Amino acid sequence: WPHREARICVVTDGERILGLGDLGADGMGIPVGKLALYTACAGIHPTQCLPVTIDVGTDNEALLADPLYIGTRRRRLRGPEYDALIEEFVIAAGRVFPGLVIQLEDFGNRNAFRLLQTYRERACVFDDDIQGTGAVACAGVLGALRITGQRLAGQRILFLGAGEAGIGIATTIVAAMIDAGVAPAAARRACWFVDTQGLLTAARAAIPPQKQPFAHEHAPLATLEQAVEALRPTVLIGSSGQPGLFTEDVVRAMARHNARPVIFALSNPTSKAECTAEQAYAWSEGRAVFASGSPFAPVTHAGVTRVPGQCNNAYIFPGVGLGLVASRARRVTDAMFLAAAKCLAAQVGEDDLALGRVYPPLARIREVSLLIAREVAEIAWNSGLAERERPADPLADIRAQMYTPQYPVYA
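Residues numbered from 1 in each chain as written. Predicted model: local features only at pLDDT ≥ 70, side-chain atom pairs only at ≥ 80, totals over all residues. Heavy atoms only, no water.

A. Inspection of the environment of Gly29 at higher detail. Mapping Gly29 onto the fold places it in helix H1 (residues 29–42). Residues Gly29 and Gly14, spaced 15 residues apart in sequence, show a C-alpha to C-alpha distance of 9.6 Å. (Helix = DSSP H or I, 4+ residues; strand = E, 2+ residues; numbered from the N terminus.)

In structure tokens:
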């Protein structure tokens, strides 16, 4: 790599490219694109950005049969050999680029949780699909509660989809509830999941470790609509990757049980959203507080125009990365992502809330990233996790580190 001052690496093995699945080596656009957002949204200099795809093959039959496929033409490496390769990468990256921040991106469920747990105490590592998504969605829920006038402690959240995104969101919301004074067991019991097998309950056999905290005692339920009727959630969050699962009956049930139902259809791209913004507003008589993973245009219902919020990880990971780089943090903690979520939620103005928007405009993203970076860096400094001493004015110091491209002006 020609640049010796790399500070942030985004790495994938291309197995679970959002909305597209297993792309193998063709997933390289993801690290490149994410790092472009680090530069655009948080001012990380391009020469400090290191994109990596670890080519372990692909199980995508179309790619294996494609003579123009650029990657290793073999089925995916699994087991001890895979783990040894990841280990070699993490060690080598840390040796070549001391203090490197490593962002795991679009790994499959079978590896993502495991790799995060393996390396989070050994290197400055985080998983954007788990922790970044968790923080940005938690911020959206906090913003939505400013519209509904309710407290987080009184919410019951139902998730459709129990993959990296859903578990990450629930984990962050539980942390936020605990931070607000809710007992840990009660906070976990406020989060329920419906996956491909129906309602996740404690009676289910062979529950993966990441799902176990959210497997509660309850009679089995087969469908999302049954779960909405039985549990009466105040917040419905979709991260299923399947379009149209927030049906009219589901949305109307949410509206029947809540004066202002909070409905987040977060699956990407737009074609895979659990419902559209127009459907959420129409089926709830305009009462839904809606956010989505992909952008939707403003919707006018009954003469009132509402602006859907976009739950975009770009609100979180660039600022978190900037804070880690600015402080030279040795580790990434869950407290940093909770602080990022609370900071983001605080940036939503009253004018935004009046339009039904639960996130600040993306036009403010560099300012938002700067404020998040300060919160993250402060945690690193206060926790003894920073290699760099705390400056007298952290905000000014971090702002001074942000790269702004200056192009020559020709007469």
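Still to come is the rest of the account.
B. Broad picture of the packing of H1 against helix H14 (residues 365–382). Interhelical geometry of H1 versus H14 gives an angle of 95° and a closest axis separation of 8 Å. If you check the angle between H1 and H14, you find them roughly perpendicular. For the pair H1 and H14, contact is made by Thr39, Ala40, Cys41 and Ala42 and by Ile365, Arg366 and Ser369, respectively. Across the contact of H1 with H14, the residue classes tally to four nonpolar, two polar and one charged. (Axes fitted to C-alpha atoms, helices over the stretch in contact; angles between N-to-C directions. Parallel < 35°, antiparallel > 145°, perpendicular 65-115°, else oblique. Contact = heavy atoms within 4.5 Å. Nonpolar A, V, L, I, M, F, W, Y, C, P; charged D, E, K, R; others polar.)

C. A look at unusual backbone geometry. In this structure, Pro269 follows Asn268 across a cis peptide bond, with omega equal to -10°. Note that Pro269 resides in the loop between strand E9 (262–265) and helix H10 (277–283). Phi at Ala206 is positive, roughly 55°, even though this residue is not glycine. Tracing the sequence through the fold places Ala206 in the loop between strand E7 (198–199) and helix H8 (224–231). Positive phi values are uncommon outside glycine, yet Glu285 reaches one of about 55°. A relative accessible area of 44% places Glu285 in the partly exposed class. (Buried < 20%, exposed > 50% of the residue type's maximum accessible area, 1.4 Å probe, protein only.)

D. The arrangement of the sheet that holds strand E4 (residues 125–127) in detail. Across the sheet, four strands lie side by side as E2-E1-E3-E4; this open sheet has parallel pairing. Two strands close off the open sheet at either side, each with one partner strand: strand E2 (49–53) and E4. Neighbouring strand axes in the sheet, compared pairwise and without regard to direction, differ in orientation by 20° on average. With three bridges connecting them, strand E3 (residues 101–104) and E4 associate as parallel partners. (Pairing = 2+ DSSP bridges.)

E. Representation of the pattern of salt bridges in the model. Within this structure, the stated rule accounts for 27 salt bridges. Of the charged contacts, one joins Glu350 and Arg146 as a salt bridge, the two residues approaching to 3.3 Å between their closest N and O atoms. Note that Glu350 is positioned in helix H13 (residues 350–354) and Arg146 in helix H5 (residues 128–148), a separation of 204 residues in sequence. Under the relative-accessibility criterion, Glu350 is labelled exposed at 57%. The partner of Glu387 in a salt bridge is Arg330, and the shortest N-O contact between them spans 3.3 Å. One end of the pair, Glu387, is in the loop between H14 and helix H15 (394–401); the other, Arg330, is in the loop between helix H11 (317–327) and helix H12 (334–346), with 57 residues separating them in the sequence. Among the residues examined, Arg330 registers a relative accessible area of 30% and is labelled partly exposed. Members of the salt-bridge network, linked through shared partners, are Glu15, Asp59, Glu61, Arg75 and Arg78. (Salt bridge = Lys/Arg side-chain N within 4 Å of Asp/Glu carboxyl O.)

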